Amino acid sequence: MGAAYFYHLTDSPLEATLPMLIGKARGAGWRVLVRGSDPALLKRLDDVLWQGPDDGFLPHGMAGGPHDADQPVLLGDVPSDGFACVMSVGGADVSADEVTAVERVCILFDGHDGAALEHARGQWKALTDAGCAAQYWAQDGGRWIKKAEKAS
């Protein structure tokens, strides 16, 4: 059974945090889905991943290509089948069934955006009310601190 990890971004932007989390997930041997519903956001993240450092390159692709099933990291608004980790960006929804089916769900949200905060709070409530384990992580002076945890 997996867990949902909520990342409240305040000090570092999504473009810096997402590659770090993908690197950790890939280090665990997980295939990663970066789920977003905004094509422009996903394209921007694709560009960020391509422009990363050579020694930290994260092989990836955009959903809809001929090799989607072979991508270690796939960006798109697609089902989570075949992935060990789902990273939700831009308010993309994740279901309780998905949380229990994968190793980890990461929900990244902009702490300076009131609508994003409210959406994340709603996701926390829906997932924990459904019995999913969850952790809430916030930035404090550039470091990630676990602020809350709810067991399943």
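The structure we're discussing is the one just above.
Let me sum up the structure you'll find in this document. (Residues numbered from 1 in each chain as written. Predicted model: local features only at pLDDT ≥ 70, side-chain atom pairs only at ≥ 80, totals over all residues. Heavy atoms only, no water.)

**Points about the pairing of strand β1 (residues 3–9)**
Of all the seven residues making up β1, seven are buried; the element is thus mostly covered by neighbouring parts of the structure. Across seven bridges, the pairing between β1 and strand β6 (residues 104–110) is parallel. Bridge pairing links Ala 4 to Val 105 in β6. In this sheet, strand β7 (residues 133–140) lies alongside β1 in parallel orientation, the contact comprising six bridges. Of the residues in β7, the one forming a bridge with Tyr 7 is Trp 137. (Buried < 20%, exposed > 50% of the residue type's maximum accessible area, 1.4 Å probe, protein only. Helix = DSSP H or I, 4+ residues; strand = E, 2+ residues; numbered from the N terminus. Pairing = 2+ DSSP bridges.)

**Some words on the state of the cysteines**
Summed over the entire model, instances satisfying the criterion amount to zero disulfides. With no disulfide of its own, Cys 85 lies closest to Cys 106 among cysteine sulfurs, the gap being 4.3 Å. Residue classification places Cys 106 among the buried positions, given a relative accessible area of 4%. (Disulfide = S-S within 2.5 Å.)

**Observations concerning the packing of aromatic side chains**
Under the criterion given, the structure shown has three aromatic pairs. Aromatic side chains Phe 6 and Trp 124 sit 5.2 Å apart centroid to centroid with 65° between the ring planes, which places their arrangement in the edge-to-face category. Within this pair, whereas Phe 6 is found in strand β1, its partner Trp 124 is found in helix α4 (residues 114–129), the two being separated by 118 residues in sequence. With 5.3 Å between their ring centres and 35° between their planes, Trp 50 and Phe 57 make a pair best called tilted. Here the basic side chain of Arg 31 rests over the ring of Phe 83, its NZ or CZ set 4.1 Å away from the ring centre. Sitting over the face of the ring of Tyr 5, Arg 104 holds its NZ or CZ atom 4.0 Å from the ring centroid. (Phe/Tyr/Trp six-rings, centres within 6.5 Å; stacked < 30°, edge-to-face > 60°. Lys NZ or Arg CZ within 6 Å of the ring centre and 35° of its normal.)

**Topic: the packing of helix α1 (residues 14–27) against helix α2 (residues 39–50)**
In contact at an axis separation of 10 Å, α1 and α2 are set at 65° when each is read in the N-to-C sense. The handedness of the crossing between α1 and α2 comes out as right-handed. Two secondary-structure elements touch here, α1 through Leu 14, Glu 15, Leu 18, Pro 19 and Ile 22 and α2 through Leu 41, Arg 44, Leu 45, Val 48 and Leu 49. Here the contact of α1 with α2 is built from residues that sort into eight nonpolar, no polar and two charged. (Axes fitted to C-alpha atoms, helices over the stretch in contact; angles between N-to-C directions. Left-handed = near helix turned anticlockwise from the far one by under 90°. Contact = heavy atoms within 4.5 Å. Nonpolar A, V, L, I, M, F, W, Y, C, P; charged D, E, K, R; others polar.)

Note that all results are geometric; they support no functional claim without further evidence.
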